[in-house]
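For reference, the chains in residue letters:
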Amino acid sequence: MVADSPAETLRTLPGDDVRAILWRYADRYDLQMLVQSARGVARGTVARLVAEGERLSHDWTERKNTLLKAYDDAGLTGAFMDPEQGGYIAGPKNFVHALIVFELSWVDAGAATGAMAGDLALAPIHERGTKEQRDFYMSHACPKPGEKTWRGAFALTEPLPYVGVETGLLNGKVRVAEWKEGQEPMLQVDKRGRFITNMGYANFVTAAVETADPKIKSSCMIILHEDDPGIWDRGTPTKKLVHQLSSTTDPVLSLKVPASRIIGGYTIKDGVIIPNFDHGQVIEAVFRRTRVTVGLMTAAKLLSAVEPVIRYQRGRFRGGESAQPGSPRYDLGLQTKEDVLHRLTDIWATGEAAASLGFYTARLFDEIDPLERQRDASFRERKLTGRAAMKETQRLEALAMAGKEANDPLVQFVKLDALGNVFCPATKLWNTGHGANTMREAVSLMGGYGITEDCPGFLGHKWMDAQLEATYEGPEAVQRRQLSITMTNELFLAQFKDWIPGMRTIASTHPGTGACTVATAMQMWLWTLRHLQEAKDADGAKLYTSNRQGVTFPLADALCWILAARQFILDVLELEKKGPENPTVAEGLAGTLQFYMDLCHVQSARAAGEVGRICAELTFGYNRHPAWSSEACNACYLSDDLDALEGLIPGIASSARAYTDVTEPGQEHPAKAGPCVCFENYEAFTKMRMRMDGCLTGARLAKDRAAESLQKVMIPEALDYPL
């Protein structure tokens, strides 16, 4: 397609060896085996159920129930548990979850949701439960031969208007049912759930409830069993259009349970039960991890769409009289046209960037988790709570900002935690939001075939499923709201600023990645944030405040584009570094690297375009446009004067008309809203904007090269799961 295309292009679709290097688990044989196990379930049991129409039913059927045994047998259920609880993988499990979800979502995200919902039920216990609670429920939920496996559900949302938007509003109530002297209090819990996953077969529920009794101080999360005294009504199945391979109902629960079921335990003071954690503290710890896996569901969809689209494009005209074997029309089909290749390149680049962002964030939380436990233990030992805990955290952040005590685990924690607080909502927002929009592009590339039940790769199902994922665990507004707060943390911004020269260094050695473009976009974003924090609008009102979501939300979107593009570049550099060590990857590595770097360049250019547009709108958009005052009219050039000067200064007339205001004969002023906007005080921004536009040099050539690879790449004879 272009004369200077490299000799080496992408030979085959990237396999596990490439992915393991990109996502940093090439040295973990246990995780590689876990990926294979999850893939076997996804492209076997799950794919057959989808192909046989099980998504057409809202009920939890016997056929769907076979998924649970498949998860157990493949080791997916037990992957969440530690070895002492019956599991087989030690250490934090965020990355483990991410890999499982990715593989299952490659075929069907509803199945992935069902597999992970049990872990979501356990997550409050895992994160905030007492040791006794963790040991009991984690071990009982781990499959063991000859024993019943406990299945859990997480009941947070209620049948309220606009359910799922406000997790602070609870209709579920807890009150003291019986409290005999010297005995443990018995509690009455009343909870009506909405859209509760796994409820069709759950044996226990972790439920969020508000206190309805002066003898209980606050809200809490509490564990309910199906055999507790009272009402355990699983509820009617939710009539979902999507994710039908997970069980979702609206349960009604009214049960009497011992106070020891309060997650995290409680204390008693002056005859009042005081939960150690309110429900908000519990779900905060849970959602900041589980949002990442939801983001990876959409990333998997995008990457899974590549092979079916290529197959469709190449075979589009086969069978017609005009497409004879050996002809370009027969061999390439629609891929003789640049448009479909460029659009598929954008889809692939988005999927890779989304996966890079999601897997990095999962690995980040694996680093954070043990440090967080050290922090919690240290604070408990020193009895630091409330203001004292906040003051100590500020002290640690100051040390981190100053670059002191770098080896102190608590200082390491606050640094990483500042990143996690940004990357978690960024992953969820960008992957599911922009990813869902991009998935529509993938479906459209299949023509009318894309919205049929038998579309190869189930792309129509995946497109619909992506719409739900964009609302899981808080829709876009929730993520933007969180980002608008966490992205202004000075410890995060200090680390963000340090990344800019790092990207410039990468650009000096790998200009084809678009790293220079990303660095300039980062610089522009940071300048815009600082400007908006100080600036006021035309009426004198502050711009960067919590209620100005027209300011804070778009800036959060812009940051997500940057984070995804940057992480994609870093992953490709890892492939360049470690690829030669793997014989399978080393063969054809030059073509693979060139393709991935071209994808990076494409994604970096798109990210810079979004950042430039958003930052320019926010920087200039809240200023009132100049009007035609008498002073402004007097500053205009007169057309007759310019014509007279043309003889003395050739070209002045055309230059003035291009860059200044010129009044033509018979006019009071030029026919427009007002004088041209003056860029005084914005020189730094306009200089960055011009520089960033220049950094786009070569981006379209990179897209052409990537498109050429899509024409030539070899694909298998058939998809490896049913159509």
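*Asks:* Is there a simple way to think about the pairing of strand 6 (residues 220-225) in this case?
*Replies:* Successive side chains on a regular strand alternate, one facing one side of the sheet and the next facing the other. Counting buried residues in strand 6 gives six out of six residues, a clear majority hidden from the surface. Bridge count between strand 5 (residues 204-211) and strand 6: six bridges; the pairing is antiparallel. The partner of Ala 208 across the bridge, within strand 6, is Met 221.

*Asks:* Got a minute to help me understand helix 23 (residues 683-695) in this structure?
*Replies:* Structural remark: α-helix, 3.6 residues per turn; residues separated by three or four positions point the same way. With 13 residues, helix 23 should reach 18 Å at 1.5 Å per residue; the first-to-last C-alpha distance of 18 Å fits that figure. Every buried residue belonging to helix 23 is among Phe 685, Met 688, Met 692 and Cys 695, and all of these are buried. Buried residues of helix 23, seen end-on, are gathered within an arc of 80 degrees and therefore sit on one face of the element. Exposed residues pointing more than 90 degrees away from the buried face of helix 23 are listed as Lys 687 and Met 690. In the core, the buried residues of helix 23 are packed alongside helix 16 (515-534) and helix 19 (589-620).

*Asks:* Explain the nonpolar core here, please?
*Replies:* General note: in soluble globular proteins, nonpolar side chains tend to be found buried as a group. The biggest cluster of nonpolar side chains holds 161 residues, and the ones touching the most others in it are Phe 492 and Trp 525. Ranked by residue count, the leading element in this core is helix 10 (residues 338-381), at 17 residues. Apart from the residues within four sequence positions on either side, Phe 492 is in contact with Ala 418, Leu 419, Val 422, Thr 486, Met 487, Trp 499 and Leu 559. Membership of the second largest hydrophobic core comes to 24 residues, among which are Phe 80, Met 81, Phe 204 and Met 221.

*Asks:* Hey, could you run me through the packing of helix 12 (residues 409-444) against helix 13 (residues 459-469) in this one?
*Replies:* When two helices pack together, their arrangement is given by the angle between the helix axes and the distance between those axes. In contact at an axis separation of 9 Å, helix 12 and helix 13 are set at 155 degrees when each is read in the N-to-C sense. Our classification of the angle between helix 12 and helix 13 gives roughly antiparallel. For the crossing formed where helix 12 meets helix 13, the hand is left-handed. Note on element contacts: helix 13 touches helix 12 through Leu 459, Gly 460, Lys 462, Trp 463, Ala 466, Gln 467 and Glu 469, opposite Lys 428, Thr 432, Ala 436, Met 439, Arg 440, Ala 442 and Val 443. Classifying every residue of the contact of helix 12 with helix 13 gives seven nonpolar, three polar and four charged.

*Asks:* I would appreciate a short explanation of the environment of Thr 686 in the present structure.
*Replies:* Considering the arrangement of structural elements, one finds Thr 686 in helix 23. Sequence-wise, Thr 686 and Met 524 are 162 residues apart; in three dimensions their C-alpha atoms are separated by 9.6 Å.

*Asks:* Looking at this structure, how should I read the pattern of salt bridges?
*Replies:* Close approach of charged atoms allows side chains of opposite charge to pair. Here the structure, examined in full by the defined rule, presents 45 salt bridges. The residue Arg 548 makes a salt bridge to Asp 537 at a minimum N-O spacing of 3.2 Å. In this pair, Arg 548 sits in the loop between helix 16 and helix 17 (549-578) while Asp 537 sits in the loop between helix 16 and helix 17, placing the two residues eleven residues apart along the sequence. Its relative accessible area of 15% is what places Asp 537 among the buried residues. A salt bridge links Arg 606 to Glu 610, with the nearest nitrogen and oxygen atoms 3.5 Å apart. In this pair, Arg 606 and Glu 610 are both assigned in helix 19, four residues apart and thus about one turn of the helix distant. Owing to a relative accessible area of 14%, Glu 610 belongs among the buried residues under this scheme.

Conventions we followed
Residues numbered from 1 in each chain as written. Predicted model: local features only at pLDDT ≥ 70, side-chain atom pairs only at ≥ 80, totals over all residues. Heavy atoms only, no water. Buried < 20%, exposed > 50% of the residue type's maximum accessible area, 1.4 Å probe, protein only. Helix = DSSP H or I, 4+ residues; strand = E, 2+ residues; numbered from the N terminus. Pairing = 2+ DSSP bridges. Expected span 1.5 Å × (residues − 1). Arc of directions from axis to C-beta. Contact = heavy atoms within 4.5 Å. Core = buried A, V, L, I, M, F, W, Y, C linked by side-chain atoms within 4.5 Å. Axes fitted to C-alpha atoms, helices over the stretch in contact; angles between N-to-C directions. Parallel < 35°, antiparallel > 145°, perpendicular 65-115°, else oblique. Left-handed = near helix turned anticlockwise from the far one by under 90°. Nonpolar A, V, L, I, M, F, W, Y, C, P; charged D, E, K, R; others polar. Salt bridge = Lys/Arg side-chain N within 4 Å of Asp/Glu carboxyl O.

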